[in-house]
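Letter by letter, the chains look like this.
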Amino acid sequence: MVDQIKTYIEQVRAFSTEKPDELEAFKNKYLSKKSGVVTNLFAEFKNVPTESKKEFGQVVNDLKNSVEQKYAELKEFIENLNDVKVELDLTLPGEDMPLGNRHPISVVRRQILDIFESLGFVAIETPEIDDDWHNFTALNFPPEHPARDMQDTFFVEKNPDIVLRTHTSNGQIRFMEKHKPPFKVTIPGRTYRNEDISARSHFMFHQIEGIFVDENVSFIDLKQTLLYFAKEFFGHQTKVRFRPSYFPFTEPSAEVDVTCSICGGNGCNVCKHTGWLEILGAGMVDPNVLENVGIDSKIYSGYAFGLGIERITMLKYGVKAVSYTHLTLPTK
Ligand code: PHE
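My aim in this report is to walk through the structure given alongside it, one point at a time. Per chain, residue numbering runs from 1 following the sequence as it is written. Only residues with pLDDT of at least 70 get local features here, since the model is predicted, and only at 80 or more are side-chain atom pairs given and counted; chain-wide, interface and lining totals rely on the full set of residues. Think of the side-chain values as coming from all heavy atoms in the structure, minus any hydrogens and water.

Points about the layout of surface pockets
Moving on, step 1. Space inside and on the surface of the protein is sampled on a 1 Å grid over the protein atoms alone, with a cavity defined as a set of points where a 1.4 Å probe fits but cannot get out and a pocket as an open set with protein on both sides within 12 Å along at least 5 of 7 lines; lining residues have an atom within 4 Å of a point. Grid points are joined across faces, edges and corners, and a volume is the space filled by probe spheres set on the points. The calculated volume of the second largest pocket comes to roughly 190 Å³.
Moving on, step 2. Around the second largest pocket, the lining residues are Arg109, Glu125, Thr126, Glu128, Arg165, Pro188, Gly189, Arg190 and His206.
Moving on, step 3. Looking at the lining of the second largest pocket element by element, the count peaks at 3 residues for strand β5 (residues 183-192).
Moving on, step 4. Three residue categories are used. Nonpolar comprises Ala, Val, Leu, Ile, Met, Phe, Trp, Tyr, Cys and Pro, charged comprises Asp, Glu, Lys and Arg, and polar comprises the others, including Gly. Within the lining of the second largest pocket, the residues separate by chemical class into 1 nonpolar, 3 polar and 5 charged. Helix and strand assignments come from DSSP, with helices taken as H or I runs of at least 4 residues and strands as E runs of at least 2, each series counted from the N terminus.

Take a look at the structure:
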């Protein structure tokens, strides 16, 4: 009998639960007034031989105490468990939200501006909606120039005088109207041309313009600046090539190529096996343009350049201009 009770005590000590109903069942099993194990053992007491009564009484009391102790312990444990679940600490910091990444166009725009900044250029903002004077006329575009054509230019509200700028060169005029040389500025921004959307063109794209005006600025300064830019941006082995070209607002004008950054100038698909990639247009500011903004072209000269950020980004990241014209868009 005593051994049996000692086994009960061991079982009680080993018992564990996280569930309140299991804990109550445990308590009832031993202490229930009607048929609990401990209750029955106390009832048994009168039948125990006198010489064993003392030991029997002790172990039954031990059992009862173990049950009560275990019950109290587990009850507190379970209550704490629940407390943890419902308690919210409102002072805890929230979970981090993933912020995403900058768009490649923004990354490259920043890189280009940084390079020119290291040469003393200051980036300025100029309007995207401008008048004919700033976008064309002051830039020496003759009245019949095809760029003014409806095909290319977006006019605002059918007003032939107000356009979405077709290049950032309008910013040259905007800046020079208000500032006397010497100055060195970059003009980043959105530009618009009425082009079909394809893998190579879009009606909205981004350019960065640069202009430097001072006394005795020469084509050498332009070449050296663009060579420095090309080496900084594409790598120090990069070479540049100037091809004669035409822009109304520069004279002489050039289109500038760099050695292909993909094949290193050996020839590949991207450079169409020429080893060269065109990256920008440039030239010496036409004296007419300086006169149009009240700068004396006999004292001052300058250079200007303009590059397309999309094109340079595609070259930098090796993005192929794949056309998806074979895909048909779902109709409603
Ligand atoms: N505005 C010219 C273009 O959009 C680029 C350019 C800028 C050329 C400055 C020469 C000087 O193509």
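After that view, the rundown keeps rolling.
A few points about helix α2 (residues 20-31)
Moving on, step 1. In this model, α2 (12 residues) spans 16 Å end to end at C-alpha, consistent with the 16 Å of a helix rising 1.5 Å per residue.
Moving on, step 2. Working definition: with a 1.4 Å probe on protein chains only, accessible area under 20% of the residue-type maximum means buried, over 50% means exposed, and in between means partly exposed. When we look at burial in α2, the residues that qualify are Leu23, Phe26 and Tyr30. Buried positions in α2, seen along its axis, are confined to an arc of 55 degrees and lie on one side of it. One less than the residue count of a helix, multiplied by 1.5 Å, gives the span that helix is expected to have. An arc is given here, and it is the one of the directions from the helix axis to the C-beta atoms.

What about the packing of α2 against helix α3 (residues 37-44)?
Moving on, step 1. Relative orientation of the contacting elements α2 and α3 amounts to 5 degrees, with a least axis distance of 3 Å. Between α2 and α3, the angle falls in the class roughly parallel. Listed contacts from α3 to Lys29, Tyr30 and Leu31 of α2 are Val37, Val38 and Thr39.
Moving on, step 2. Partitioned by chemical class, the residues of the contact of α2 with α3 number 4 nonpolar, 1 polar and 1 charged. With axes taken as lines fitted to C-alpha atoms, and helix axes fitted only over the stretch in contact, angles between N-to-C directions fall between 0 and 180 degrees. Note that the term roughly parallel is reserved for angles under 35 degrees, roughly antiparallel for angles over 145, roughly perpendicular for angles of 65 to 115, and oblique for everything else. Contact criterion: two residues are considered in contact whenever any of their non-hydrogen atoms come within 4.5 Å of each other.

Topic: the environment of Ser35
Moving on, step 1. Topologically, Ser35 is positioned in the loop between α2 and α3.
Moving on, step 2. Relative accessible area serves as the criterion here: at 51%, Ser35 is assigned to the exposed category.
Moving on, step 3. Leave out the neighbours within four places in its chain, and Ser35 touches Lys29 and Asn40.

Re the site of the ligand
Moving on, step 1. The local shell around the ligand holds 14 residues, among which His167, Ser169, Arg193, Gln207 and Glu209 are the closest.
Moving on, step 2. In the analysis that follows, any N or O atom pair within 3.5 Å is treated as a polar contact, provided that within protein one partner can donate a hydrogen and the other can accept it, and provided that, for residues neighboring in sequence, both atoms belong to side chains. Taking His167, its side chain carries an N or O atom lying 3.1 Å from a nitrogen atom of the ligand.
Moving on, step 3. With respect to the ligand, the side chain of Ser169 contributes an N or O atom lying 3.0 Å from a nitrogen atom.
Moving on, step 4. Where accessible areas are quoted, they stem from the Shrake-Rupley method and a 1.4 Å probe; at the residue level, only the protein chains shown are allowed to cover. Here the ligand loses 89% of its free accessible area of 320 Å² to cover by the protein chains.
Moving on, step 5. At the level of secondary structure, the elements contributing two or more residues to the shell around the ligand comprise β6 (204-215), β9 (276-285) and β10 (300-308).
Moving on, step 6. Among the elements that take part in the shell around the ligand, β10 stands out by supplying 3 residues, more than any other. Whether a residue is near a molecule or strand depends on its heavy atoms: if one lies within 4 Å, it is near.

Description of helix α5 (residues 104-117)
Moving on, step 1. With 14 residues, α5 should reach 20 Å at 1.5 Å per residue; the first-to-last C-alpha distance of 20 Å fits that figure.
Moving on, step 2. All of the buried residues along α5 are Ile105, Val108, Ile112, Leu113, Ile115 and Phe116. Looking straight down α5, one finds that the buried residues subtend no more than 155 degrees of arc, so they occupy a single side.
Moving on, step 3. Buried residues belonging to α5 abut β1 (122-123), β5, β6, α8 (219-234), β10 and α10 (309-317).

Regarding the pattern of salt bridges
Moving on, step 1. Definition used for salt bridges: Asp or Glu carboxyl oxygen within 4 Å of a side-chain nitrogen of Lys or Arg. For the coordinates displayed, the defined rule picks out 11 salt bridges.
Moving on, step 2. Note that Glu68 is salt-bridged to Lys64, the shortest N-O span being 3.6 Å. Of this pair, Glu68 and Lys64 both sit in helix α4 (residues 50-86), separated by 4 residues, roughly a single helical turn.
Moving on, step 3. Ionic pairing is found between Glu117 and Arg110, a salt bridge with its closest N-O pair at 3.5 Å.
Moving on, step 4. Residue class for Glu117 comes out partly exposed when judged on its relative accessible area of 43%.
Moving on, step 5. Linked through salt bridges whose partners overlap, the residues forming this network are Arg241, Arg243, Glu255, Asp257 and Glu278.

Examining the sheet that holds β5
Hydrogen bonds between backbone atoms are what pair the strands of a sheet, whose relative direction is either parallel or antiparallel.
Moving on, step 1. By the convention used here, strands pair only if DSSP detects at least 2 bridges between them. In spatial order, the strands read β1-β5-β6-β10-β9-β8-β7; together these 7 strands make up an open sheet with mixed pairing. Sheet topology places β1 and β7 (240-247) at the edges, where each strand pairs with a single neighbour.
Moving on, step 2. Here β9 runs beside β10; their pairing, made up of 5 bridges, is antiparallel. What sits directly across from Leu280, in β10, is Leu307.

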